[in-house]
Amino acid sequence: MKLLVKAPAKINLSLDVLSKRADGYHDVRMIMTTIDLADRIELTELSEDRIEIVSHNRYVPDDQRNLAYQAAKLIKERYRVDKGVSIAIEKTIPVAAGLAGGSSDAAATLRGLNQLWKLGLSVDELAEIGAEIGSDVSFCVYGGTAIATGRGERIEHIPAPPPCWVILAKPKIGVSTADVYRNLKVDRIQHPNVDDMIQSIREGDYDGICSSVGNVLEEVTFRMHPEVQHIKEQMKRFGADAVLMSGSGPTVFGLVRYDSRMQRIYNGLKGFCEHVYAVRMLGEREKLE
Ligand SMILES: C[C@](O)(CO)[C@H](O)COP(=O)(O)OP(=O)(O)OC[C@H]1O[C@@H](n2ccc(N)nc2=O)[C@H](O)[C@@H]1O
Ligand SMILES: Nc1ncnc2c1ncn2[C@@H]1O[C@H](COP(=O)(O)OP(=O)(O)OP(=O)(O)O)[C@@H](O)[C@H]1O
């Protein structure tokens, strides 16, 4: 039997860090939302009892380092499943980009295997298992729009923001999330107003959303890679309504309401940046299987 599962990327509309914890992680408060840029995961039952990763992207590991592999291993051991699975990953989300590509692949694998192996787990149970793989995996299990707290694994759903274009531009570098958090000076943070963002989303206030975007990891990544800041400045200059780096970067996204302006910004960025995408905000929790 085969099953196709969609694994959408996320952006952080707001990302605040509250403190550094004793376990090395940081307590965060962030607003995450899914966008219409997705990997496709194909799960195929194997007659032998093993987990196989098939990917034609040279940046994606095809062994136990793959987060989808870790998801399958965890669920297989926990529920004593003695069947094997081949996980084919068709990558569209750029790798190490701040868009939770690996986390979303892991989340899609959890959702898919729950069906394929008829485990009967609830989505909350899958999100709890996901948290053991990575901080972004719980959100990716649900999708939609949410306030994420703790180290990112505590999820409170909120309504979708009003629909708009999301233009993404990724410079040709990968960023290590651990390095960015390590270089953050927690006592010198200028906190974004996460509450204003939540209120604007609840009120469907597009302008309010645009004026309350903020990400405390931006300045850390900008210091490490000035070209990321350059992309942000260009996207602003081309006329995006709001511009922010997603997660730990290096992808920068711009929010744009009107099609004509989206096209102009897209073309402008394409002039000097190889990886540019224009996609719609998804925002609503959809059935991701
Ligand atoms: C930057 C974000 O993507 C924003 O959504 C997340 O906060 C990071 O999520 P992630 O990539 O799933 O992160 P994990 O794989 O759990 O952690 C990678 C590394 O980032 C650091 N880390 C991550 C999350 C967090 N709340 N505090 C941290 O300090 C830790 O050093 C950790 O070893
Ligand atoms: N399924 C996967 N797809 C992509 N990368 C993966 C996957 N599994 C493991 N990895 C590894 O994880 C690293 C980070 O990749 P990923 O695309 O998940 O980063 P990210 O988008 O920055 O994540 P986040 O936004 O959650 O911090 C890669 O360098 C790669 O080696």
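Residues numbered from 1 in each chain as written. Chains lettered and ligands numbered in written order. Predicted model: local features only at pLDDT ≥ 70, side-chain atom pairs only at ≥ 80, totals over all residues. Heavy atoms only, no water.

Put simply, the test is: UniProt positions are given in the numbering used here, feature names are shortened, and annotations may be inferred rather than shown by experiment.
For the protein chain, the name recorded in an unreviewed UniProt entry is 4-diphosphocytidyl-2-C-methyl-D-erythritol kinase, with Ectobacillus antri as its organism. Taken verbatim from the UniProt record of the protein chain, the Pathway (unreviewed entry) comment is "Isoprenoid biosynthesis; isopentenyl diphosphate biosynthesis via DXP pathway; isopentenyl diphosphate from 1-deoxy-D-xylulose 5-phosphate: step 3/6." Quoted straight from UniProt, the Sequence similarities (unreviewed entry) entry for the protein chain says "Belongs to the GHMP kinase family. IspE subfamily."

1. Details of the site of ligand 1
Put simply, the rule reads: When at least one non-hydrogen atom of a residue lies within 4 Å of a molecule or strand, that residue is treated as near it. Each polar contact in these results corresponds to two N or O atoms within 3.5 Å; when the atoms are within protein, one needs to be able to donate a hydrogen and the other to accept it, and residues that are neighboring in sequence are counted only if both atoms are side-chain atoms. Method for areas: the Shrake-Rupley scheme with a 1.4 Å probe, in which residue coverage is limited to the protein chains shown. The helix and strand labels rest on DSSP assignments: H or I over at least four residues marks a helix, E over at least two residues marks a strand, and numbering proceeds from the N terminus. Note on residue categories: nonpolar means Ala, Val, Leu, Ile, Met, Phe, Trp, Tyr, Cys or Pro, charged means Asp, Glu, Lys or Arg, and polar means any other residue, Gly included. Domain boundaries shown here were taken from an automatic or database domain assignment.
In the neighbourhood of ligand 1, 19 residues make up the surrounding shell, with His-26, Ser-135, Asp-136, Arg-151 and Tyr-181 lying closest. Contact distances for ligand 1 include 2.6 Å between an oxygen atom and a side-chain N or O atom of Asp-136. When ligand 1 is considered free in solution it has 640 Å² of accessible area, and contact with the protein chains removes 82% of it. Contributing elements (two or more residues each) for the shell around ligand 1: strand 1 (2–20), strand 2 (26–46) and helix 5 (177–182). Counting residues per element, the shell around ligand 1 draws most heavily on strand 2, at 4 residues. Considering only residue class, the shell around ligand 1 consists of 7 nonpolar, 9 polar and 3 charged. For the shell around ligand 1, the domains that each give at least three residues are domain 1 (2–157) and domain 2 (165–280).

2. Here we look at the environment of Tyr-142
What counts here: Here the term buried applies to any residue with accessible area under 20% of the maximum for its type, exposed to any over 50%, and partly exposed to those in between, with areas from a 1.4 Å probe on protein chains only.
Its location among the elements puts Tyr-142 in helix 4 (residues 137–142). Among the residues examined, Tyr-142 registers a relative accessible area of 11% and is labelled buried. Sequence-wise, Tyr-142 and Arg-111 are 31 residues apart; in three dimensions their C-alpha atoms are separated by 9.5 Å.

3. A few points about helix 1 (residues 67–78)
Definition in use: The span you would expect from a helix comes to 1.5 Å times its residue count less one. Here the arc refers to the directions that run from the helix axis out to each C-beta atom. In this analysis, two residues are considered to be in contact whenever any of their non-hydrogen atoms come within 4.5 Å of each other.
Here helix 1 is 12 residues long and its end C-alpha atoms lie 16 Å apart, about the 16 Å a rise of 1.5 Å per residue gives. Buried within helix 1 are the following residues: Ala-68, Tyr-69, Ala-71, Ala-72, Ile-75 and Lys-76. Viewed end-on, helix 1 has its buried residues packed into an arc of 160°, placing them on one side of the element. Contact partners of the buried residues in helix 1: strand 3 (51–55), strand 4 (84–90), helix 2 (101–116) and helix 3 (123–131). Of the residues trailing helix 1, Arg-80 is marked for its positive phi of about 45°.

4. A closer look at the UniProt feature "domain: GHMP kinase C-terminal" (unreviewed entry) in the protein chain
Here the UniProt-annotated "domain: GHMP kinase C-terminal" (unreviewed entry) positions come out as residues 197–273. Taken end to end, residues 197–273 comprises 56% helix and 14% strand; its first and last C-alpha atoms sit 29 Å apart.

5. Focus on the side chain of Ser-55
Within the secondary structure layout, Ser-55 lies in strand 3. Assessed through its relative accessible area of 19%, Ser-55 is described here as buried. Residues within four places of Ser-55 in sequence aside, it is in contact with Val-60 and Ile-89.

6. Digging into the nonpolar core
How we decide: In plain words, nonpolar cores are sets of buried Ala, Val, Leu, Ile, Met, Phe, Trp, Tyr and Cys residues tied together by side-chain atoms within 4.5 Å.
Counting residues in each nonpolar core, the largest one holds 67 residues, and the members touching the most others are Leu-43, Val-85, Ile-87 and Leu-110. Considering each element in turn, this core owes the most residues, 6 residues, to helix 2. Two domains each donate at least three residues to this core, and these are domain 1 (2–157) and domain 2 (165–280). If we ignore the near neighbours within four places in the chain, the residues touching Val-85 are Leu-43, Thr-44, Leu-46, Arg-50, Ile-51, Glu-52, Ala-72, Leu-113, Leu-116 and Trp-117. Grouped together as the second largest cluster of nonpolar side chains are 28 residues, Leu-37, Ala-97, Leu-99 and Val-279 included.

7. A word on unusual backbone geometry
Here Gly-249 and Pro-250 are connected by a cis peptide whose omega angle stands at 5°. Within the secondary structure, Pro-250 is located in the loop between strand 9 (242–245) and strand 10 (252–256). The backbone phi angle of Arg-80 is positive, close to 45°, even though this residue is not glycine. Within the secondary structure, Arg-80 is located in the loop between helix 1 and strand 4. Even without being glycine, Ala-100 reaches a positive phi, approximately 60°. With respect to the helices and strands, Ala-100 occurs in the loop between strand 4 and helix 2. A relative accessible area of 10% means that Ala-100 is categorised as buried.

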